[in-house]
Amino acid sequence: DFESLELGPNVDEALVGEHVWTKTPPEGWTQDDSGVPGVGTDLDGVTEWAGWSFADVQWWTTTADDQRRSEFTRANGAVMVSDPDEWDDQGHPDSAANGWYNTYITTRDIDISGLDASSVVVIFDSSWRPEFDSNYHQTGNIAVSFDGGEPQEILLWSSDSSVPPWNPAQNVYSGYKDDNSTNERIILPIANPASASSMKLTFGLFEAGNDWWW
């Protein structure tokens, strides 16, 4: 969980709180928000959501006028969230001209030394709401890197209902992730090599604009 993070006050959001939000990730984690239009400037949309952030789940739900965020009942305390819907509520460079909302966050090294091949399983609670139209193609993914090697995509969620569905029951980990995905436990097997001693996971949300959230 993210309960060890020190949350600070709101910045652009209207709902006042002293301990509600931070951009500072857990120790050893790294972020890449360079693909968020306007990031690092005064014209960065709603600052709290200019890329992956950490927020008190009740504050996030309330300041964003809910819109089904409260369905994430598996969440408690601080959550990691990317919310391009809320981000878009304040001025930023035009996404069509400057690139869509793209943000990535990578965990610290996770020790997997001595484990059998293909024995790692990643389990996490998740809230996802998709949107797809002529402009916005909200997409999420997870990539894994072993011992500092090249990242390999292991999950891809599309908002495009015309593509085949994401279906882990049939070992399909790339496809459409529907609008009934706001409160889930995700179980994701990892094909770790027996020789690997560490791994990192990277969570991405990209090709987004005024969409929803993950």
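As the structure is a computational prediction, the values presented were derived from the model and not from experiment.

Calculation rules
Residues numbered from 1 in each chain as written. Predicted model: local features only at pLDDT ≥ 70, side-chain atom pairs only at ≥ 80, totals over all residues. Heavy atoms only, no water. Patch = residues over 30% accessible without salt bridge, like charges linked within 9 Å, V, L, I, M, F, W, Y side chains within 5 Å. Areas by Shrake-Rupley, 256 points an atom, 1.4 Å probe, with all protein chains shown as cover. Salt bridge = Lys/Arg side-chain N within 4 Å of Asp/Glu carboxyl O. Helix = DSSP H or I, 4+ residues; strand = E, 2+ residues; numbered from the N terminus. Buried < 20%, exposed > 50% of the residue type's maximum accessible area, 1.4 Å probe, protein only. Pairing = 2+ DSSP bridges. Phe/Tyr/Trp six-rings, centres within 6.5 Å; stacked < 30°, edge-to-face > 60°. Core = buried A, V, L, I, M, F, W, Y, C linked by side-chain atoms within 4.5 Å.

1. As for a nonpolar patch on the surface
Thought 1: On the surface, a nonpolar cluster with roughly 280 Å² of combined accessible area is contributed by Val121, Ile123 and Ile187.
Thought 2: Looking at the element boundaries, Ile123 is found in strand E7 (residues 120-128).
Thought 3: Ile123 gets classed as exposed once you look at its relative accessible area, which sits at 52%.

2. Topic: the pairing of strand E8 (residues 139-146)
Thought 1: Counted residue by residue, E8 has eight buried out of eight residues, so it is predominantly covered.
Thought 2: Side-chain alternation along E8 places Thr139, Asn141, Ala143 and Ser145 on one buried face and Gly140, Ile142, Val144 and Phe146 on a second face that is also buried.
Thought 3: Taking the residues between adjacent antiparallel strands as the criterion, E8 and strand E9 (residues 152-158) are bridged by five residues, where Asp147 takes a positive phi near 50°.
Thought 4: Taken together, the eight bridges between E8 and strand E12 (residues 198-208) define a ladder with antiparallel strand orientation. The residue bridging Ile142 from the neighbouring strand is Phe203, located in E12.

3. Considerations on the sheet that holds strand E3 (residues 53-56)
Thought 1: On the basis of which strands lie adjacent, the open sheet formed by three strands has the order E1-E3-E4 and antiparallel pairing. Looking at the sheet topology across the chains shown, the edges are occupied by strand E1 (21-22) and strand E4 (78-81).

4. With respect to unusual backbone geometry
Thought 1: The phi angle at Asp147 is positive, at roughly 50°, despite the residue not being glycine.
Thought 2: Assignment of secondary structure puts Asp147 in the loop between E8 and E9.
Thought 3: Given a relative accessible area of 40%, Asp147 falls into the partly exposed group.
Thought 4: The phi dihedral of Asn171 falls on the positive side, at around 60°, and the residue is not glycine.
Thought 5: Here Asn171 shows up in the loop between E9 and strand E10 (174-176).
Thought 6: On the basis of relative accessibility, which here comes to 62%, the residue Asn171 falls in the exposed class.

5. Quick notes on the packing of aromatic side chains
Thought 1: A full pass over the atoms with the stated rule returns 16 aromatic pairs.
Thought 2: Relative to Phe206, the ring of Tyr104 has its centre 6.0 Å away and its plane inclined at 20°; by these criteria the two rings are stacked. Placement of Tyr104 in strand E5 (residues 101-106) and of Phe206 in strand E12 is noted, with a sequence separation of 102 residues between them.
Thought 3: With a relative accessible area of 12%, Phe206 lands in the buried category.
Thought 4: Residues Trp157 and Trp166 carry aromatic rings whose centres are separated by 5.5 Å and whose planes lie at 80° to one another, so their mutual orientation is edge-to-face.
Thought 5: A relative accessible area of 0% places Trp157 in the buried class.
Thought 6: With relative accessibility at 12%, the residue Trp166 sits in the buried group.

6. Some points on the environment of Gly140
Thought 1: Here Gly140 is to be found in strand E8.
Thought 2: Overall, the relative accessible area of 0% leaves Gly140 in the buried class.

7. So, the nonpolar core
Thought 1: By size, the foremost hydrophobic cluster in this structure holds 50 residues, and its most contacted members are Ile142, Ile190, Met199, Phe203 and Trp214.
Thought 2: Broken down by element, the residue count for this core peaks at five residues, all from E12.

8. Focus: the pattern of salt bridges
Pairing is possible between side chains that carry opposite charge, provided their charged atoms lie close to one another.
Thought 1: Tallied over the full model, the rule gives nine salt bridges.
Thought 2: Of the charged contacts in the structure, one is a salt bridge between Arg68 and Asp179, with a shortest N-O distance of 3.0 Å. Of the two residues, Arg68 sits in the loop between helix H1 (57-63) and E4 while Asp179 sits in the loop between E10 and strand E11 (181-190), which places them 111 residues apart along the sequence.
Thought 3: A salt bridge links Asp83 to Arg69; the nearest nitrogen and oxygen atoms lie 3.0 Å apart. Here Asp83 is found in the loop between E4 and helix H2 (84-87), whereas its partner Arg69 is found in the loop between H1 and E4, with 14 residues between them in sequence. Each of the two residues, Asp83 as well as Arg69, counts as buried.

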